[in-house]
Amino acid sequence: MAGETIITVIGNLTADPELRFTPSGSAVANFTIASTPRTFDRQSNDWKDGETLFLRCNVWRESAENVAETLTKGTRVIAQGRLKSRSYDTKEGEKRTVMELEVDEVGPSLRYASAKVTRTQRSNNGASGGNGGANGGGGVQGGAQPGNTWQQQPAEDPWGAPAAAGAGSSSAGGWGNGPESEPPF
């Protein structure tokens, strides 16, 4: 939607994501990202930590299940989404407003870690919406599962055209198969 505030946050998870399901069966995962800016102080010739931002995040549907299966406390993540404000009343009757991130994309940061990405194979069970359907997003696991890695070429591209035989090889046809090839645009 127009006018929404899109932000990207990089930081560490303060706890394991909490996976819950709505009465209609939609999955939602909640987690908090702690992001601390660091600046170099030339006078002391040392790095200084700034004020830590604790940002509560939520992610929905299949992505929520992938987050709960993949990410753990302390994991450095990159999350992008829409900043939202939410108001509520406390038990004492005080009105409070909090800022939360409704996550569209999230994954582990590879700055200080490595990861193997595997495609999830879930059925959609008739649920509408979500990101990715039956072949949906991806999870990160300690080891790849044979025949289930994201590098595999699909039988068809997203627009319905059959995939080229030997995609990624130096066979004739297609963009990138020789020094004189031109991009398809």
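Because the structure is a prediction, the values reported are computed rather than measured.

Asks: Please explain the overall build of the protein as it appears in this structure.
Replies: Along the backbone of the protein there are one helix and 10 strands. Scanning the protein from its N terminus toward the C terminus, one meets helices and strands in the order β-β-β-β-β-β-α-β-β-β-β. Split into buried and exposed, the 185 residues of the protein put 22% on the buried side. In the protein, 56% of the contacts between residues at least 6 apart in sequence involve partners at least 24 apart.

Asks: Looking at this structure, how should I read the packing of aromatic side chains?
Replies: Any pair of aromatic rings gets described here by the distance separating the centres and the angle formed by the planes. Evaluated as defined, the whole model comprises one aromatic pair. Taking 5.3 Å as the distance between ring centres and 70 degrees as the angle between the ring planes, the aromatic pair formed by Phe40 and Trp47 counts as edge-to-face. Owing to a relative accessible area of 45%, Trp47 belongs among the partly exposed residues under this scheme.

Asks: Honestly, the pairing of strand β7 (residues 76-89) in this entry has me stumped. Any pointers?
Replies: It is a general feature of regular strands that their side chains alternate between the two faces of the sheet. Pairing analysis gives eight bridges linking strand β1 (residues 5-13) to β7, with the strands arranged antiparallel. In the sheet register, Thr8 faces β7, and the bridge partner there is Gln80. With 13 bridges connecting them, β7 and strand β8 (residues 95-108) associate as antiparallel partners. Bridge assignment links Ser85 to a residue of β8, and that residue is Met99. Hairpin connection, β7 to β8: the antiparallel pair is bridged by five residues, and Gly93 has positive phi, about 90 degrees.

Asks: Would you mind showing me how to read the environment of Glu18 here?
Replies: Structurally, Glu18 can be placed in strand β2 (residues 18-21). Relative accessible area serves as the criterion here: at 32%, Glu18 is assigned to the partly exposed category. On a C-alpha basis, the gap between Glu18 and Val67 in space is 9.3 Å, while along the polypeptide they are 49 residues apart. If sequence neighbours within four positions are ignored, Glu18 has contacts with Val28, Ala29, Asn30 and Arg56. At 3.2 Å, the side chain of Glu18 and the side chain of Arg20 are in polar contact.

Rules behind the numbers
The residue count restarts for each chain, going from 1 along the sequence in the order it is written. Under the rules for a predicted model, residues below a pLDDT of 70 receive no local features and side-chain atom pairs below 80 are neither given nor counted, while totals for whole chains, interfaces and linings still include all residues. Processing note: side-chain calculations cover all non-hydrogen atoms of the structure and skip hydrogens and water entirely. Counting from the N terminus, the helices are DSSP H or I runs at least four residues long and the strands are E runs at least two residues long. Only protein chains enter the area calculation, which uses a 1.4 Å probe; residues under 20% of their type maximum are buried, those over 50% are exposed, and those in between are partly exposed. Contact definition: two residues touch when any of their heavy atoms are within 4.5 Å. Centre distance within 6.5 Å is the pairing criterion for rings of Phe, Tyr and Trp, where only the six-membered ring of Trp is used; planes under 30 degrees apart are then read as stacked, over 60 as edge-to-face, and the remainder as tilted. Strand pairing requires that DSSP identify at least two bridges connecting the strands. Counting of polar contacts relies on pairs of N or O atoms within 3.5 Å, with two restrictions inside protein: one atom must be capable of donating a hydrogen and the other of accepting it, and residues adjacent in sequence are counted only when both atoms are side-chain atoms.

The analysis is restricted to geometry; functional conclusions fall outside its scope.
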